[in-house]
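Structural features, examined
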Amino acid sequence: MSLSRFLSLCQIPLSASLGVSPDKSQFFKYESVSLSCEVQGKSAGWRLKRNTVSGERSDCGRRWGKPQGSSCNVSLIPSHSGVYWCESGSGEHSNAVNITVHAFLSVSPDRSQFFKYESVSLSCEVQGNSAGWILKRYTVSGERSDCGGNWGKQQGSSCNVSLTPSHSGKYWCESGSGEHSNAVNITVHAGAVILESPALPVTEGDSVTLRCRYQGTPSDLTAVFYKDGSLIRAESSGEMTIPAVSKSDEGLYKCSSSKGESPESWMTVTAPSPVLSMSLPAPSPVLSMSLPRLLCSLLVGSPYLLVTIILLVKGCRSRTQG
């Protein structure tokens, strides 16, 4: 069979399309995406599949994603980068979508407010080799610079910083080709009170404690907590715990005590990842289809197969002509 004849057999009309919400292909770690199999007629029997950059081919709901009807909700991490598509039990498939989850900036300790001279470690978590990634910042005074210049001490993919108020600003990781991670805002407060709240996104259902901290002694004075400018409540311990955060808890928080008021900090809440399923995968159904059509469906998850076929066809041609 000629290559052109084989490829013509692959012109199978698509009876389904893969919808992506939000409609983009580039994401940061912990962002969420909803992938939907939009099928003409009944969507029963259609599954969302993926082939990751590490070569793992699997279905939504096995080790990743949360199925909801014909959709799959995913809280993303870098290892989720890959090709996604919908496939029916008979081997029909939708369009394929490439999704890339970029590098992630982590913060230790995980908080966005610090007192003068406290230390923080900022790390670039990259899928694969982290070489070439640099921690950058843009301060409130308008200075844009890299770790290791006039601030911070570079250690591998991390940057350790002894903070002063002039270090307040936005921090992120950036590669030599211009790719960048999520950004984290850090505030170094010259006053007596800060709010210890997570700098990184928290997951729905998790317990989160906000602490109003005084620089002097005792550090845990009675505090009043606010969200988006509105009073929440007062706590004699100086701490406020949200037992199970939800999306409605996302917002701008601050606190105050008899010793002063903290700056405001934003808390981001993301959807949870599912618990990994330890059950064995269901056996693949015996497909009733022609060999060319079977190969076509396999090409969706393994583009290298197409390259192999092309090389084989060219090799056969050259031997025939010789």
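Scope of this entry: the structure provided in the associated data block. Note that the structure is a prediction, hence the values are computed from the model and not measured.

As a volume, the second largest pocket reaches approximately 420 Å³. Taken together, 21 residues form the lining of the second largest pocket, with Ala183, Val184, Ala199, Trp266 and Thr268 sitting closest to its centre. Elements that contribute at least two residues to the lining of the second largest pocket include exactly strand E18 (184-189) and strand E27 (265-267). For the lining of the second largest pocket, the class distribution of residues is 11 nonpolar, 7 polar and 3 charged.

Attention now goes to the sheet that holds strand E24 (residues 239-242). The strands making up a sheet associate through hydrogen bonds between their backbones, and the pairing can be parallel or antiparallel. Taken together, 3 strands build an open sheet; the order of strands is E19-E21-E24 and the sheet is antiparallel. A single partner strand is all that each edge strand has here, and the edge strands are strand E19 (193-196) and E24. Geometrically, the sheet is characterised by an average inter-axis angle of 10 degrees between neighbouring strands, direction not taken into account. In the sheet, E19 pairs with strand E21 (residues 208-214) via 4 bridges, with the strands oriented antiparallel. By the bridge assignment, isoleucine 194 is partnered in E21 with arginine 213.

We now examine the sheet that holds strand E10 (residues 104-108). Judged by pairing direction, the sheet is antiparallel, and its 4 strands sit side by side in the order E10-E12-E16-E15 without closing on themselves. The two strands at the open ends of the sheet, each matched to only one other strand, are E10 and strand E15 (153-155). Averaged over all pairs of adjacent strands, the angle between strand axes in this sheet comes to 25 degrees, irrespective of strand direction.

Once that is clear, we can look at the state of the cysteines. Tallying each qualifying case throughout the model produces 5 disulfides. Between cysteine 60 and cysteine 72 runs a disulfide, and the two sulfur atoms are separated by 2.0 Å. For the disulfide bridge between cysteine 60 and cysteine 72, the dihedral angle about the S-S bond is near 90 degrees, and by the sign convention the bridge is right-handed. Placement of cysteine 60 in the loop between strand E5 (57-59) and strand E6 (66-68) and of cysteine 72 in strand E7 (residues 71-75) is noted, with a sequence separation of 12 residues between them. Look at cysteine 60 and you get buried, because its relative accessible area is 14%. Paired by a disulfide, cysteine 212 and cysteine 255 hold their sulfur atoms 2.1 Å apart. Between cysteine 212 and cysteine 255, the disulfide has an S-S torsion of 80 degrees and is therefore right-handed. Placement of cysteine 212 in strand E21 and of cysteine 255 in strand E25 (residues 251-257) is noted, with a sequence separation of 43 residues between them.

With that settled, the discussion passes to the pattern of salt bridges. Enumeration over the complete set of coordinates arrives at 17 salt bridges. Residues lysine 24 and glutamate 31 are paired through a salt bridge, measuring 3.5 Å at the closest nitrogen-oxygen approach. Given the relative accessible area of 27%, glutamate 31 is considered partly exposed. Of the charged contacts in the structure, one is a salt bridge between aspartate 59 and lysine 49, with a shortest N-O distance of 2.8 Å. With a gap of 10 residues between them, aspartate 59 in strand E5 and lysine 49 in strand E4 (residues 47-52) connect regions that are remote in the sequence. Across this residue pair, the class does not change: aspartate 59 and lysine 49 are buried. Through salt bridges that share partners, Arg111, Glu118, Glu196, Arg211 and Arg213 make up one connected network.

What follows is about the nonpolar core. Ranked by internal contacts, the top residues of the largest apolar core, which has 22 residues, are Leu122 and Leu135. Counting only elements with at least two residues in this core, the list comes to E10, strand E12 (119-125), strand E16 (158-162), strand E17 (169-174) and E18. What leucine 122 contacts, discounting residues up to four positions off in sequence, is Leu105, Ser106, Val107, Leu135, Ser157, Ser158, Cys159, Val161, Tyr171 and Ile186.

Summarising the element assignment, serine 123 is placed in strand E12. A polar contact is formed between the side chain of serine 123 and the side chain of serine 158, at a distance of 2.6 Å. The contact partners of serine 123, leaving out residues within four places of it in the chain, are Phe104, Leu105, Ser106, Ser157, Ser158 and Cys173.

Okay, the packing of aromatic side chains next. This model, assessed by the stated rule, comprises 2 aromatic pairs. On the numbers, 5.6 Å between centres and 90 degrees between planes, the contact of tryptophan 64 with tyrosine 84 is edge-to-face. Of the two residues, tryptophan 64 sits in the loop between E5 and E6 while tyrosine 84 sits in strand E8 (residues 82-87), which places them 20 residues apart along the sequence. Exposure class is identical for tryptophan 64 and tyrosine 84. Each is buried. The interplanar angle of 85 degrees and the centroid separation of 5.7 Å between the aromatic rings of tryptophan 151 and tyrosine 171 together place this pair among those described as edge-to-face. On the criterion of sequence distance, the pair formed by tryptophan 151 in the loop between strand E14 (144-146) and E15 and tyrosine 171 in strand E17 is long-range, its members being 20 residues apart. Assigned by exposure class, tryptophan 151 and tyrosine 171 land together as buried.

Cut-offs and rules
Just so you know, the residues in each chain are numbered from 1, in the order the chain's sequence is written. At least 70 in pLDDT is required for a residue's local features to be given in this predicted model, at least 80 for side-chain atom pairs to be given and counted, and no such filter applies to totals for whole chains, interfaces and linings, which use all residues. Values shown for side chains rest on all heavy atoms present in the structure; no hydrogens or waters enter the calculation. A 1.4 Å probe that fits into a set of points on a 1 Å grid over the protein atoms alone but cannot get out defines a cavity; an open set with protein on both sides within 12 Å along at least five of seven lines defines a pocket, and lining residues are those with an atom within 4 Å of a point. Grid points are joined across faces, edges and corners, and a volume is the space filled by probe spheres set on the points. A run of H or I in DSSP counts as a helix once it spans at least four residues, and a run of E counts as a strand once it spans at least two, with each numbered from the N terminus. Under this grouping Gly is polar, as are all residues other than the nonpolar Ala, Val, Leu, Ile, Met, Phe, Trp, Tyr, Cys and Pro and the charged Asp, Glu, Lys and Arg. Criterion used throughout: strands pair if DSSP finds at least two bridges between them. Note on geometry: axes are C-alpha line fits, over the in-contact stretch for helices, and angles between N-to-C directions span 0 to 180 degrees. When two cysteine sulfur atoms are found within 2.5 Å, that pair is recorded as a disulfide. Only protein chains enter the accessibility calculation, which uses a 1.4 Å probe; a residue whose area is less than 20% of its type maximum is buried, one above 50% is exposed, and one in between is partly exposed. A pair is scored as a salt bridge if a Lys or Arg side-chain nitrogen falls within 4 Å of a carboxyl oxygen belonging to Asp or Glu. Remark: nonpolar core denotes a set of buried residues (Ala, Val, Leu, Ile, Met, Phe, Trp, Tyr, Cys) joined through side-chain atoms within 4.5 Å. Any two residues whose heavy atoms approach within 4.5 Å at even a single point are treated as in contact. Each polar contact in these results corresponds to two N or O atoms within 3.5 Å; when the atoms are within protein, one needs to be able to donate a hydrogen and the other to accept it, and residues that are neighboring in sequence are counted only if both atoms are side-chain atoms. Aromatic pairs are defined between Phe, Tyr and Trp rings, using the six-membered ring for Trp, whenever the two ring centres lie within 6.5 Å; interplanar angles under 30 degrees are classed as stacked, those over 60 as edge-to-face, and all others as tilted.

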